[in-house]
Amino acid sequence: MLTTRFAHSARQDPDPTRFRSVLGHFPSGITAITSRDADGKPVGMAVSSFTSASLTPPLVAFLPGKSSSTFPAIAERGSFCVNVLATDQEWICRALSVSGGDKFSGVTWQPGPHGDPVIDGVVAWIACTIEAVHDAGDHHIVIGRVDDLDARTEASPLLFFRSHYHHLAAA
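Residues numbered from 1 in each chain as written. Predicted model: local features only at pLDDT ≥ 70, side-chain atom pairs only at ≥ 80, totals over all residues. Heavy atoms only, no water.

> Lay out the sheet that holds strand β11 (residues 158–161) in plain terms, naming residues and giving numbers.
Strand order in the open sheet formed by three strands is β1-β11-β12, and the pairing between neighbours is antiparallel. Looking along the sheet, the strands with just one partner apiece sit at the ends: β1 (28–29) and β12 (164–167). Direction of pairing for β1 relative to β11: antiparallel, over a ladder of two bridges. Note that in β11 the partner of Gly29 across the bridge is Leu159. (Pairing = 2+ DSSP bridges. Helix = DSSP H or I, 4+ residues; strand = E, 2+ residues; numbered from the N terminus.)

Spelled out as structure tokens, the structure:
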């Protein structure tokens, strides 16, 4: 594996509030990363930092915060499902964004190929096995090997831009 580190001269990091604000100008889709805990209960987290990483082999990546209370359960299981949320699923994003409680109350889902929740009505789902986890400051970079996937072409994704939810305009 090739890892390159660049030497940087002394510098001051940007203010975290400004950093977040400026990066908020990049629109992103919203995903629900789902899995099961050691007792088989569904666990999940809302994530906008998701991307494809490789076509051959098929790999995706997402970046959970190191303070996440959900990611350790996902890591222990070793598999997860990426659910691309639809425009009418903002409430699911909000439910999965809070700490504690029953995040899946009212959420209907079916077990995916690994038994991880595939949420009903999503734009697409991607079943993965964890391939690697890398350190990235206050986050992890999780690389998942894609094992199965499907999409609904008629559904539109929920988007996040400048700290607000959006949807695509009708064509």
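> I'd like a description of the pattern of salt bridges, backed by residues and values.
Scanning the model with the defined rule gives four salt bridges in all. A salt bridge links Asp135 to Lys66; the nearest nitrogen and oxygen atoms lie 2.0 Å apart. Residue Asp135 is located in strand β9 (residues 124–136), and its partner Lys66 is located in the loop between β5 (59–62) and α2 (71–77); the two are separated by 69 residues in the primary sequence. A salt bridge links Arg77 to Asp116, with the nearest nitrogen and oxygen atoms 2.6 Å apart. Of this pair, Arg77 sits in helix α2 while Asp116 sits in the loop between β7 (109–111) and β8 (117–119); the two residues are 39 residues apart in sequence, bridging distant segments of the chain. Relative accessible area serves as the criterion here: at 35%, Arg77 is assigned to the partly exposed category. (Salt bridge = Lys/Arg side-chain N within 4 Å of Asp/Glu carboxyl O. Buried < 20%, exposed > 50% of the residue type's maximum accessible area, 1.4 Å probe, protein only.)

> Describe the pairing of strand β4 (residues 50–54), with residues and values.
Direction of pairing for β4 relative to β5: antiparallel, over a ladder of four bridges. Note on β5: the bridge partner recorded for Phe50 is Phe62.

> Residue-level account of unusual backbone geometry, with values.
Glycine aside, negative phi is the norm for most residues, and most peptide bonds take the trans geometry. The omega torsion across Thr56 and Pro57 is 0°, close enough to zero to call that bond cis. Turning to its location among the elements, Pro57 is positioned in the loop between β4 and β5.

> How would you summarise the side chain of Ser79 if you had to cite specific residues and measurements?
Mapped onto the fold, Ser79 is located in strand β6 (residues 79–84). Look at Ser79 and you get buried, because its relative accessible area is 7%. A polar contact of 2.8 Å, which involves the side chain of Ser79, links it to the side chain of Asp116. Beyond its immediate chain neighbours, meaning those up to four positions away, Ser79 contacts Ser35, Ile74, His114, Asp116, Cys128 and Thr129. (Polar contact = N/O pair within 3.5 Å; in protein donor to acceptor, adjacent residues only side chain to side chain. Contact = heavy atoms within 4.5 Å.)

> Go over the packing of aromatic side chains, please, and point to the residues and values.
Counted under the stated rule, the structure contains two aromatic pairs. Geometrically, the ring pair formed by Phe62 and Phe71 is edge-to-face, given 6.2 Å between the ring centres and 75° between the ring planes. The residues Phe62 and Phe71 share a single accessibility class, namely buried. On the basis of an interplanar angle of 70° and a centroid distance of 5.0 Å, the ring pair of Phe62 and Phe80 is categorised as edge-to-face. Of this pair, Phe62 sits in strand β5 while Phe80 sits in strand β6, and the two are 18 residues apart along the sequence. By relative accessible area, which is 0% here, Phe62 ends up buried. (Phe/Tyr/Trp six-rings, centres within 6.5 Å; stacked < 30°, edge-to-face > 60°.)

> Account for the pairing of β5, naming residues and giving values.
Burial along β5 is two-sided: Leu59 and Ala61 facing one way and Val60 and Phe62 facing the other are all buried. Counting the residues between successive antiparallel strands, the hairpin from β4 to β5 contains four residues. Where β5 and strand β10 (residues 139–151) come together, four bridges link them in antiparallel fashion. Within the sheet, the bridge partner assigned to Leu59 lies in β10 and is Arg145.

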